[in-house]
Amino acid sequence: MSYLTHLECAHCEATYDPAELHRLCPVCEKPLLARYDLNSLRRAWQRSSLAQRAPGLWRYKEALPVESQAHMFTLGEGGTLLLKATKLGEELGLEQLFVKDEGLNPTGSFKARGLCVAVCRAAELGVDGVVIPSAGNAAGAMCAYAARASLPAHVVMPRDVPAPFLLECKSFGAEITLVEGTIADCGRRAGQIAQASGWFDLSTLKEPYRVEGKKTMGYELAEDLAWELPDVIVYPTGGGTGLIGMWKAFDELEALGWIGAERPRMVAVQAEGCAPIVRAFHAGATFASLWEGAETVAAGLRVPAAVGDFLILEALRESQGTALSVAEEELLAGQRSLAQAEGILACPEGGATLAALRTLCRQGWVEPHEQVVLFNTGTGIKYPDTLEAATS
Ligand SMILES: Cc1ncc(COP(=O)(O)O)c(C=O)c1O
Ligand SMILES: [Zn+2]
């Protein structure tokens, strides 16, 4: 049973009924977040009960928004491995370096978590179809869960999306629209398509439930590490949904009494060719301004404006974290190192986290005894061009 009670605007704190379909806060156009009755849940749910449950995202169903078992569709999302990266750790002088390998999810990325929950909840609330703007991974994930939940799907991707993403969406039977430009242009087009068709637009953070799926990375990481969070989390940040979700998860876990008050330092990694959050963080800004001419092979990081920018920046600051960008050659080298030293065929976004960690170690921002977790957010296999570039 879900303990969902209401939706709350992350900016103006207005509250809304979660039994209705909602997108952004109608008052201030900022993201809505799902809130739960954590006081009751604290009494009803002990972390020791998890031992009896199957691995994966639905093991945390009390803290997820889907009410009925019949709508908890699954393809085996979550339950990814936290791999110790011994060789890279030695090279960087770190005793405890880990990689949370989200490439092990269905459809090969962490987007499966967010889209699993968002599609299930949208189906439960009775939508006729689902629409998404995506750099590729989110589209594939949405199409898979839409097929599973018997909903028609329409995806909007940049024209230069790598071919595997296109073929994946086609295979799941989705309608596809290709758009000149970035995810921001796709977002505008997806909005028009949703309006015309009456289908529900699942743009990240413009509806409240993708972030709920992504927060399970935080629940799972805490469980992987026996309820002691790491010192540092390095996360490749586009829209920032995963980072915002984990930060939310840690507060929920503390309210449940499953972890203490300590938090990891959160690090947002972006590409030099598109780094609005890095720029805003170092300028001390509350919101990030639009990044003009966004360009990077790490398609998931080519997000010129993020609707949850203020939430990312808040999490970075509250956690005493930081934000930094890496060059294209560095993220490709990171991809190569993860493959050759650890056997992890990472996406370029995952490669970027290793590149950033190299800089942080060099600067002494991370110390040798600290426990560090890199998020490899997807498999590299869907990006043939970056694999080619990383190995030539
Ligand atoms: C592989 C990969 N990593 C990272 C990101 C950025 O994710 P977030 O929106 O959580 O910042 C994306 C988004 O498209 C992605 O596909
Ligand atoms: Zn609001």
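Our subject is the structure that appears above.
All values derive from a computational prediction rather than experimental measurement.

### Things to note about the overall build of the chain
Assigned secondary structure in the chain consists of 13 helices and 13 strands. Computed over its C-alpha atoms, the radius of gyration of the chain comes to 19 Å, within 12% of the 21 Å expected for a compact globule of 392 residues. Each principal axis of the C-alpha distribution contributes one length, and for the chain these read about 50 × 50 × 40 Å. Out of the 392 residues in the chain, the part that is buried amounts to 61%. A separation threshold of at least 6 residues defines the contact pool for the chain, and within that pool the share at least 24 residues apart is 70%.

### Some remarks on the pairing of strand E11 (residues 265–271)
Burial of E11 is extensive: 7 of the 7 residues sit out of reach of the surface. Going residue by residue along E11, you find Arg265, Val267, Val269 and Ala271 tucked away on one face and Met266, Ala268 and Gln270 tucked away on the opposite face as well. Of the pairings in the sheet, the one linking strand E10 (residues 232–236) to E11 comprises 5 bridges and is parallel in character. Each residue of the ladder has a partner; that of Val234, found in E11, is Val267. In the classification by handedness, the crossover that spans E10, the intervening helix H8 (residues 241–255) and the parallel E11 is right-handed.

### A short note on unusual backbone geometry
One non-glycine residue, Ala226, adopts positive backbone phi at about 55°. One can find Ala226 in the loop between helix H7 (210–224) and E10. You will see that Gln320, though not glycine, has its phi angle at about 60°, which is positive. Looking at where Gln320 falls in the secondary structure, it is placed in the loop between helix H10 (309–318) and strand E12 (322–326). Its relative accessible area of 59% is what places Gln320 among the exposed residues.

### Quick notes on the site of ligand 1
Residues in close proximity to ligand 1 total 17 residues, the closest being Lys111, Tyr235, Gly238, Gly240 and Thr377. Between ligand 1 and Lys111, the relevant distance is 3.2 Å, taken from an oxygen atom to a side-chain nitrogen or oxygen of the residue. Contact distances for ligand 1 include 2.7 Å between a nitrogen atom and a side-chain N or O atom of Thr377. For ligand 1, whose unbound accessible area comes to 400 Å², protein coverage reaches 96%.

### Remarks on H7
Taking 1.5 Å of rise per residue, the 15 residues of H7 would be expected to cover 21 Å, and the 22 Å separating its terminal C-alpha atoms lies within 8% of that figure. For H7, a buried count of 13 out of 15 residues is recorded, marking the element as mostly surrounded by other parts of the structure. Taken from the residues just after H7, Ala226 is the one with a positive phi, measuring 55°.

### Observations regarding the state of the cysteines
All told, the structure shown has 0 disulfides when counted by the stated rule. Counting only cysteine sulfurs, Cys143 is the nearest neighbor of Cys169, a cysteine outside any disulfide, at a range of 3.8 Å.

### What to know about the pattern of salt bridges
The tally for this structure, following the rule as stated, stands at 22 salt bridges. A salt bridge links Arg35 to Glu8; the shortest N-O distance between them is 2.7 Å. Taken together, the residues span a long stretch of sequence, with Arg35 in strand E3 (residues 32–36) and Glu8 in strand E1 (residues 4–9) at a distance of 27 residues. Classification of Glu8 as buried rests on a relative accessible area of 18%. For Arg159, the salt bridge identified is with Glu180, shortest N-O distance 3.0 Å.

### Comments concerning the sheet that holds strand E2 (residues 15–16)
Hydrogen bonds between backbone atoms are what pair the strands of a sheet, whose relative direction is either parallel or antiparallel. Spatial strand order, E2-E1-E3: 3 strands in an open sheet with antiparallel pairing. The sheet is open, and its two borders are formed by E2 and E3, each paired with just one other strand.

The rules behind the values
- Residues numbered from 1 in each chain as written.
- Chains lettered and ligands numbered in written order.
- Predicted model: local features only at pLDDT ≥ 70, side-chain atom pairs only at ≥ 80, totals over all residues.
- Heavy atoms only, no water.
- Helix = DSSP H or I, 4+ residues; strand = E, 2+ residues; numbered from the N terminus.
- Rg over C-alpha atoms; globule rule 2.2 N^0.38 Å.
- Buried < 20%, exposed > 50% of the residue type's maximum accessible area, 1.4 Å probe, protein only.
- Contact = heavy atoms within 4.5 Å.
- Pairing = 2+ DSSP bridges.
- Right-handed = clockwise from strand over helix to strand, strands pointing away.
- Near = heavy atom within 4 Å.
- Polar contact = N/O pair within 3.5 Å; in protein donor to acceptor, adjacent residues only side chain to side chain.
- Areas by Shrake-Rupley, 256 points an atom, 1.4 Å probe, with all protein chains shown as cover.
- Expected span 1.5 Å × (residues − 1).
- Disulfide = S-S within 2.5 Å.
- Salt bridge = Lys/Arg side-chain N within 4 Å of Asp/Glu carboxyl O.

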